[in-house]
Amino acid sequence: LSRDPAFAPARYERALLTARRYALRLGELQDARRRRESARAMAGAEPRPPATNRAMAAEDPLARGLAERIAGELAALEQAPADFPRARLACARALLVLYSAGEMGDLHAARAGFEEALAGEPTLEEAYEGLAQLDLALGDPAKAIAAYTRGLAVDRGYVPHWLGRGSAHMSVGFALGERGG
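Parameters at a glance
- Residues numbered from 1 in each chain as written.
- Predicted model: local features only at pLDDT ≥ 70, side-chain atom pairs only at ≥ 80, totals over all residues.
- Heavy atoms only, no water.
- Helix = DSSP H or I, 4+ residues; strand = E, 2+ residues; numbered from the N terminus.
- Buried < 20%, exposed > 50% of the residue type's maximum accessible area, 1.4 Å probe, protein only.
- Expected span 1.5 Å × (residues − 1).
- Arc of directions from axis to C-beta.
- Salt bridge = Lys/Arg side-chain N within 4 Å of Asp/Glu carboxyl O.

**Section: the side chain of Glu 121**
1) Next: Considering the arrangement of structural elements, one finds Glu 121 in the loop between helix H5 (104–120) and helix H6 (125–137).
2) Next: Judged by relative accessible area, which is 14%, Glu 121 ranks as buried.

**Digging into helix H7 (residues 141–154)**
1) Next: Relative to the 20 Å expected for 14 residues at 1.5 Å per residue, H7 spans 20 Å between its end C-alpha atoms, a close match to the ideal helical length.
2) Next: Taken residue by residue, H7 has Pro 141, Ala 144, Ile 145, Ala 147, Tyr 148, Gly 151 and Leu 152 as its buried positions. Down the axis of H7, the smallest arc covering the buried residues is 160 degrees, so these residues share one side. Seen from the buried face of H7, the exposed residues on the opposite side, beyond 90 degrees, are Ala 142 and Ala 153.

**Thoughts on the pattern of salt bridges**
1) Next: Counted by the stated rule, this structure contains 13 salt bridges.
2) Next: Between Glu 37 and Arg 40 there is a salt bridge; the shortest N-O distance is 3.5 Å. One end of the pair is Glu 37 and the other is Arg 40, both in helix H1 (residues 8–42) and three residues apart, which spans about a single turn.
3) Next: Owing to a relative accessible area of 14%, Glu 37 belongs among the buried residues under this scheme.

On their own, these measurements won't tell you what the molecule is for.
Now the structure itself:
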């Protein structure tokens, strides 16, 4: 990007990496909120309704800055040359929607974006990963496992799919254990 600030493939990769950082930051914020709520509950306070990712990000300067950077990269990608794959733009948009989700409709929009991306570029690993993360967010690890497996059929060496599928399998096992299965 230092040589060519308009180089769309580099902007796309930077948007993906920033989206991952954003997701990690949101996870940190969620963990901190859970700890605070646990302490409040132990002190006898009434539980507060859960905060959406969007609301938590709005209150956190680092998360807000990351979201703004991703939005800037997406705006620049909208102006990318016609030969830049539109499927990648759809995937990047869907990742930001997924991580910022505050409403169920947002999650449906993210799914549509990932499906659009895969229709245009069936080998797009990050779209399979996004679908799997979406299914995990919706509490459906079996669908997440299926999405990771579809991604592995495209690229057997993509480590995030192996790790994600393993984690999803563990969550299924934990859920069975909680139900006495």
